[in-house]
Amino acid sequence: GNSVTQMEGPVTLSEEAFLTINCTYTATGYPSLFWYVQYPGEGLQLLLKATKADDKGSNKGFEATYRKETTSFHLEKGSVQVSDSAVYFCALSDLRTSGGSNYKLTFGKGTLLTVNP
Amino acid sequence: DGGITQSPKYLFRKEGQNVTLSCEQNLNHDAMYWYRQDPGQGLRLIYYSQIVNDFQKGDIAEGYSVSREKKESFPLTVTSAQKNPTAFYLCASSPHTASGSTDTQYFGPGTRLTVL
């Protein structure tokens, strides 16, 4: 079956540090890949996505590249801010194993990021 | 403006009681979903619905029930049969693509249910 593995947190950085959160996946089909962010007490917000190999998703200074050869979708940001403190979830949806309909997202367990001033 | 609303934000229930969580969307999305989130874990799918009057069980449907009588509404009932209902519940919706598959899921703000 499908699975997503994220680096375990928590991750604590100083403001303006470089961020990498690793994400690898296992899928039997051709998944779309997503990063969602969850601020304290809130729902999930879509941060970025990529739908095919070598696509790069980007938003708000965050980037992730869909690497089929390494089955990875690592999240990066060059200079984090205090306001980036949140839980980050990597997820995939696999059209092929969902019977032609992307009904199901498979999530990683989430990585808590704390950015200190 | 468009979005997904969930109510209430916090809900307390006594053991043995059923409780219904509301989810409404005005995005004109066809598909809707319910997830459960527990501390330190990813989200787990409870139920999903791709069209009105149709819904399917997800990975952890036992002890839950849903209805989809209107496109914009997908309420979740947590029944007394759910053994450990205290959790954060998230509703999501997604549009269908031209090919009929569903696209990116968008989430509501969540309801935190506590069983006393």
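Residues numbered from 1 in each chain as written. Chains lettered and ligands numbered in written order. Predicted model: local features only at pLDDT ≥ 70, side-chain atom pairs only at ≥ 80, totals over all residues. Heavy atoms only, no water.

### Things to note about the pattern of salt bridges
Step number 1: Taken as a whole and judged by the stated rule, the model has six salt bridges over all chains.
Step number 2: As a salt-bridge pair, Lys52 of chain A and Asp55 of chain A come within 3.4 Å of each other at their nearest N and O atoms.
Step number 3: The salt bridge partner of Asp38 of chain B is Arg44 of chain B, with a shortest N-O separation of 2.7 Å.
Step number 4: For Asp38 of chain B, a relative accessible area of 11% gives the class buried.
Step number 5: The exposure class of Arg44 of chain B is partly exposed, given its relative accessible area of 31%. (Salt bridge = Lys/Arg side-chain N within 4 Å of Asp/Glu carboxyl O. Buried < 20%, exposed > 50% of the residue type's maximum accessible area, 1.4 Å probe, protein only.)

### A look at the sheet that holds strand β8 (residues 62-65) of chain A
Residues and elements named next belong to chain A.
Step number 1: Taken in spatial order, the four strands make up an open sheet running β3-β9-β8-β7, and their pairing is antiparallel. Edge strands, defined here as strands with exactly one partner in the open sheet, are β3 (19-21) and β7 (56-59). Neighbouring strand axes in the sheet, compared pairwise and without regard to direction, differ in orientation by 15° on average. (Pairing = 2+ DSSP bridges. Helix = DSSP H or I, 4+ residues; strand = E, 2+ residues; numbered from the N terminus. Axes fitted to C-alpha atoms, helices over the stretch in contact; angles between N-to-C directions.)

### Examining a nonpolar patch on the surface
Residue and element names in this part refer to chain B.
Step number 1: On the surface, Tyr10, Phe12 and Leu116 cluster together into a nonpolar patch covering about 390 Å² of accessible area.
Step number 2: With respect to the helices, strands and loops of the structure, Leu116 is situated in the segment after β11 (111-115).
Step number 3: On the basis of relative accessibility, which here comes to 61%, the residue Leu116 falls in the exposed class. (Patch = residues over 30% accessible without salt bridge, like charges linked within 9 Å, V, L, I, M, F, W, Y side chains within 5 Å. Areas by Shrake-Rupley, 256 points an atom, 1.4 Å probe, with all protein chains shown as cover.)

### Considering the packing of aromatic side chains
Step number 1: Going through the model one piece at a time under the given rule, you end up with twelve aromatic pairs over all chains.
Step number 2: Feature note: the residues Phe34, Tyr36, Phe89 and Phe107 of chain A together with Tyr33, Tyr35 and Phe107 of chain B constitute an aromatic cluster, connected by ring pairs.
Step number 3: Here the guanidinium or amino end of Arg68 of chain B rests over the ring plane of Phe74 of chain B, the centre of that ring lying 6.0 Å away. (Phe/Tyr/Trp six-rings, centres within 6.5 Å; stacked < 30°, edge-to-face > 60°. Lys NZ or Arg CZ within 6 Å of the ring centre and 35° of its normal.)

### So, the layout of surface pockets
Step number 1: Of the volumes computed, that of the largest pocket is approximately 450 Å³.
Step number 2: In this structure, the largest pocket is lined by 23 residues; those nearest its centre are Phe89 and Lys109 of chain A together with Pro39, Gly40 and Gln41 of chain B.
Step number 3: Every element with two or more residues in the lining of the largest pocket is listed here: β1 (3-6) and β10 (86-94) of chain A.
Step number 4: Split into classes, the residues belonging to the lining of the largest pocket amount to nine nonpolar, nine polar and five charged.
Step number 5: Size it by volume and the second largest pocket reaches roughly 190 Å³.
Step number 6: Lining the second largest pocket are Lys104, Leu105, Thr106, Phe107 and Lys109 of chain A together with Gln41, Gly42, Leu43, Arg44, Leu45 and Asp59 of chain B.
Step number 7: Contributing elements (two or more residues each) for the lining of the second largest pocket: β11 (105-107) of chain A together with β5 (43-51) of chain B.
Step number 8: In the lining of the second largest pocket, the residues fall into four nonpolar, three polar and four charged. (1 Å grid on protein atoms, 1.4 Å probe; cavity = no way out; pocket = protein on both sides within 12 Å on 5 of 7 lines; lining within 4 Å. Points joined across faces, edges and corners; volume = space filled by probe spheres on them. Nonpolar A, V, L, I, M, F, W, Y, C, P; charged D, E, K, R; others polar.)

### Remarks on the state of the cysteines
All names here are of chain B.
Step number 1: Applying the stated criterion across every chain, the model contains two disulfides over all chains.
Step number 2: The partner cysteine of Cys23 in its disulfide is Cys91, sulfur to sulfur 1.9 Å. Between Cys23 and Cys91, the S-S torsion sits near -75°, and that sign places the bridge as left-handed. Of the two residues, Cys23 is situated in strand β3 (residues 19-25) and Cys91 in strand β9 (residues 87-94); the sequence distance between them amounts to 68 residues. Of the two residues, Cys23 and Cys91, neither departs from the other in class, the shared state being buried. (Disulfide = S-S within 2.5 Å.)

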